[in-house]
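The lines below spell out each chain.
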Amino acid sequence: MVSVEVLGSGTAWSKDAEPGTPRGPGLCSLSVQRARLWRSEERDGMRAILGSYDSELTPAEYSPQLTRRMREAEDMVQKVHSHSAEMEAQLSQALEELGGQKQRADMLEMELKMLKSQSSSAEQSFLFSREEVDTLRLKVEELEGERSRLEEEKRMLEAQLERRVLQGDYDQSRTKVLHMSLNPTSVARQRLREDHSQLQAECERLRGLLRAMERGGTVPADLEAAAASLPSSKEVAELKKQVESAELKNQRLKEVFQTKIQEFRKACYTLTGYQIDITTENQYRLTSLYAEHPGDCLVFKATSPSGSKMQLLETEFSHTVGELIEVHLRRQDSIPAFLSSLTLELFSRQTVA
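Thresholds, definitions, all that
Residues numbered from 1 in each chain as written. Predicted model: local features only at pLDDT ≥ 70, side-chain atom pairs only at ≥ 80, totals over all residues. Heavy atoms only, no water. Axes fitted to C-alpha atoms, helices over the stretch in contact; angles between N-to-C directions. Helix = DSSP H or I, 4+ residues; strand = E, 2+ residues; numbered from the N terminus. Parallel < 35°, antiparallel > 145°, perpendicular 65-115°, else oblique. Left-handed = near helix turned anticlockwise from the far one by under 90°. Contact = heavy atoms within 4.5 Å. Nonpolar A, V, L, I, M, F, W, Y, C, P; charged D, E, K, R; others polar. Pairing = 2+ DSSP bridges. pLDDT = per-residue confidence, 0-100. Core = buried A, V, L, I, M, F, W, Y, C linked by side-chain atoms within 4.5 Å. Buried < 20%, exposed > 50% of the residue type's maximum accessible area, 1.4 Å probe, protein only.

Undergrad: Give a description of the packing of helix α6 (residues 322-331) against helix α7 (residues 335-352) that names residues and reports values.
TA: Describing two packed helices takes the angle between their axes plus the distance from one axis to the other. Look at α6 against α7: their axes get within 8 Å of each other, and the N-to-C directions meet at 150°. For the element pair α6 / α7, the angle class is roughly antiparallel. Crossing geometry of α6 relative to α7 is assigned as right-handed. Here L324, I325, H328 and L329 of α6 lie close against α7, whose contacting residues are I335, A337, F338, S341, L342 and E345. Grouping the constituent residues of the contact of α6 with α7 by class yields seven nonpolar, two polar and one charged.

This is the structure in structure tokens:
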């Protein structure tokens with residue numbers, strides 16, 4: 001008869017445990033004892049069965065039957081050995097996984113300790129940060145109050161500037177007053193100077209006539225003719241009234257002319273979207289209504305005396321609209337198309353923003 005015993009490699013594997021789950025030293029010894037007991041019982045059962053078969057066999061049938069049983073027993077022993085090797089391999093793999101899990105648990109425990117220490121330091125820093133936040137909040141409130149005050153001052157200054165503009169005031173560094181060649185004011189002043197010269201000449205002749213009459217002598221013929229041609233006091237008063245009326249009319253014309261100029265500038269700015277200022281002789285600065293920055297402007301220079309031909313001068317803002325310059329000025333040679341496209345471009349930027 002062949003007896004079969006299965007011995008482990010020192011660490012047992014429980015039959016009832018899930019695959020890949022290692023046991024401790026106490027559980028391992030208990031599992032080994034249970035496995036040995038189970039093997040012993042199985043062995044005794046097999047011996048009992050073989051004994052019953054042997055008792056029934058005759059001596060002639062005993063030898064072939066024994067040979068067959070030997071082969072079956074050897075096959076079973078091979079299966080048991082292979083199963084044992086497989087179980088040992090699984091046990092080794094489980095032990096390796098257990099070691100890895102233990103290392104990972106140690107690492108997690110270290111990380112947990114580090115996180116606890118960091119959380120304690122974070123709580124301390126949070127206490128300090130709350131004080132800083134309160135300080136910053138007070139500063140923000142102060143800055144908000146300062147900003148409100150500055151905005152109110154800005155609105156007041158803009159109202160004062162608008163009122164001064166309506167009264168006819170202007171910035172001489174940015175605005176140039178146009179003088180008409182046939183200005184009624186200049187004509188009235190010239191006429192006033194001529195009348196003043198004539199009156200001075202008449203006064204000199206009258207003084208000479210008065211001195212001659214006071215001396216009681218003869219009056220020179222030229223003074224006597226001048227005295228005869230002198231206007232009466234009524235005519236002089238009438239002339240004075242006419243001069244005063246002309247001066248008053250001239251002053252009113254100046255005020256009306258200044259008001260009309262401001263109205264015309266505002267109308268051009270509203271209709272075209274561009275404020276036109278004369279910087280120097282034959283140079284005009286255009287500032288768009290939709291400009292993103294106050295310094296965004298275009299400068300054109302008149303290249304002909306009549307102003308029918310204009311040339312765009314280089315500015316910082318002109319570098320940002322190179323594509324529009326290439327299409328509308330160089331290819332199409334149209335300044336109105338260029339200004340219209342620029343207005344649409346700036347308007348779309350503000351709409352999107």
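Okay, back to it.
Undergrad: How would you sum up the sheet that holds strand β4 (residues 310-313)? Please name residues and give values.
TA: Here we have four strands laid out as an open sheet, ordered β1-β2-β3-β4, and antiparallel in their pairing. Each edge of the sheet is formed by a strand with only one pairing partner; in this case those strands are β1 (274-278) and β4. Mean inter-strand twist for the sheet, computed between neighbouring axes without regard to direction, equals 30°. On the sheet, α7 packs against β1, β2 (283-288), β3 (298-302) and β4 and is oriented at approximately 170° with respect to β3.

Undergrad: Explain the confidence of the model for the protein chain to me, using residue names and the numbers behind them.
TA: A low pLDDT score tells you not to read the predicted coordinates there in detail. When the pLDDT values of the protein chain are averaged, the result is 76; 72% of them are 70 or greater. This stretch, residues 1-25, has a pLDDT under 50; its non-local contacts, to residues over four places away or in other chains, come to 45 contacts.

Undergrad: Outline unusual backbone geometry, supporting the account with residue identities and numerical values.
TA: With a phi angle near 65°, N282 is a residue other than glycine that sits in the positive phi range. Following the sequence through the fold, N282 ends up in the loop between β1 and β2. With a phi angle near 55°, D333 is a residue other than glycine that sits in the positive phi range. Turning to its location among the elements, D333 is positioned in the loop between α6 and α7.

Undergrad: Let's hear about the nonpolar core: which residues, and what values?
TA: Counting 13 residues, the largest nonpolar core has L298, F300, F317, V321, F338, L339 and L342 as the members making the most contacts within it. Every element with two or more residues in this core is listed here: β3, α6 and α7. At four residues, the largest contribution of residues to this core is made by α7. In this view, F317 contacts D296, C297, L298, L342 and L346; residues no more than four positions away in its chain are not counted.

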